[in-house]
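Residue-level structural notes
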Amino acid sequence: MPAPSILFVCLGNICRSPLAEGIYRHLTIRTSEKPVIASAGIGNWHVGNPPDKRSIKIAAAHGIDISRQRARQVTQEDFYAFDLILAMDGSNLARLETLKPENATASLQLFAGLAFGTNQDVPDPYYGDLSDFEEVYTMLFSGCSAVVSKFE
Ligand code: 4NP
């Protein structure tokens, strides 16, 4: 199966989805077919901002630089431009379902649904501490690894 283009979506596009984008790109950087990978947020509060310092720190601790990413909001075009749109939690997925145009071509799924076959949320770490970000990193790394191997 050819590697799909993927848009990772969370609420603010500063904590979870930038980590997912960075991890997925890191895992596929040496593959011959470099898929288009991006991330976006449901909300517009952080548009233009770099990821949360704690996401940058956790990623850097694992050898991944996400500091040059900038937050953006999901657009209508995203539903045609990407093969897959992966929501970090059920609330993000519900919002995306309401934004999705009728003739959208992207497949919209819960991240954990595709990665693990479960309906788990990637928990929002924004009001948490660094250990919550580490937990999110671990979940995203194992989930992204599972998704990458599906398309190898
Ligand atoms: P994210 O986390 O959705 O993983 O980027 C959040 C970031 C910001 C806010 C909420 C969640 N916020 O309310 O500003």
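Refer to the structure presented above.
Quick caveat, the model's predicted, so the values are computed rather than measured.

Counting 31 residues, the largest nonpolar core has Ile6, Phe8, Tyr24, Met88, Phe111 and Leu140 as its most contacted members. For this core, the secondary-structure elements that each account for two or more residues are strand E1 (6-10), helix H1 (16-28), helix H2 (53-61), strand E3 (84-87), helix H5 (111-116) and helix H6 (130-150). A total of 8 residues in this core trace back to one element, the largest contributor, which is H6. Ranked by size, the runner-up nonpolar core spans 16 residues in total, among them Val74, Ile85, Ala87 and Ala106.

A few words on the side chain of Ser39. Checked against the element boundaries, Ser39 lands in strand E2 (residues 37-41). Relative accessible area serves as the criterion here: at 5%, Ser39 is assigned to the buried category. A distance of 2.9 Å separates a polar atom in the side chain of Ser39 from a polar atom in the side chain of Asn13. For Ser39, the side chain forms a polar contact with the side chain of Glu21, separated by 2.7 Å. Sequence-distant contacts of Ser39, defined by excluding residues within four places in its chain, comprise Leu7, Phe8, Asn13, Ser17, Pro18, Glu21, Gln69 and Arg72.

Every residue near the ligand is listed here: Cys10, Leu11, Gly12, Asn13, Ile14, Cys15, Arg16, His46, Asp124 and Tyr126. With respect to the ligand, the backbone of Asn13 contributes an N or O atom lying 3.3 Å from an oxygen atom. Note that an oxygen atom of the ligand is positioned 3.3 Å from one of the side-chain N or O atoms of Asp124. Relative to its free-state accessible area of 350 Å², the ligand is covered by the protein chains to the extent of 91%. Within the shell around the ligand, the residues separate by chemical class into 5 nonpolar, 3 polar and 2 charged.

Cut-offs used in this document
- Residues numbered from 1 in each chain as written.
- Predicted model: local features only at pLDDT ≥ 70, side-chain atom pairs only at ≥ 80, totals over all residues.
- Heavy atoms only, no water.
- Core = buried A, V, L, I, M, F, W, Y, C linked by side-chain atoms within 4.5 Å.
- Buried < 20%, exposed > 50% of the residue type's maximum accessible area, 1.4 Å probe, protein only.
- Helix = DSSP H or I, 4+ residues; strand = E, 2+ residues; numbered from the N terminus.
- Polar contact = N/O pair within 3.5 Å; in protein donor to acceptor, adjacent residues only side chain to side chain.
- Contact = heavy atoms within 4.5 Å.
- Near = heavy atom within 4 Å.
- Areas by Shrake-Rupley, 256 points an atom, 1.4 Å probe, with all protein chains shown as cover.
- Nonpolar A, V, L, I, M, F, W, Y, C, P; charged D, E, K, R; others polar.

What is shown is where atoms sit, not what they do.
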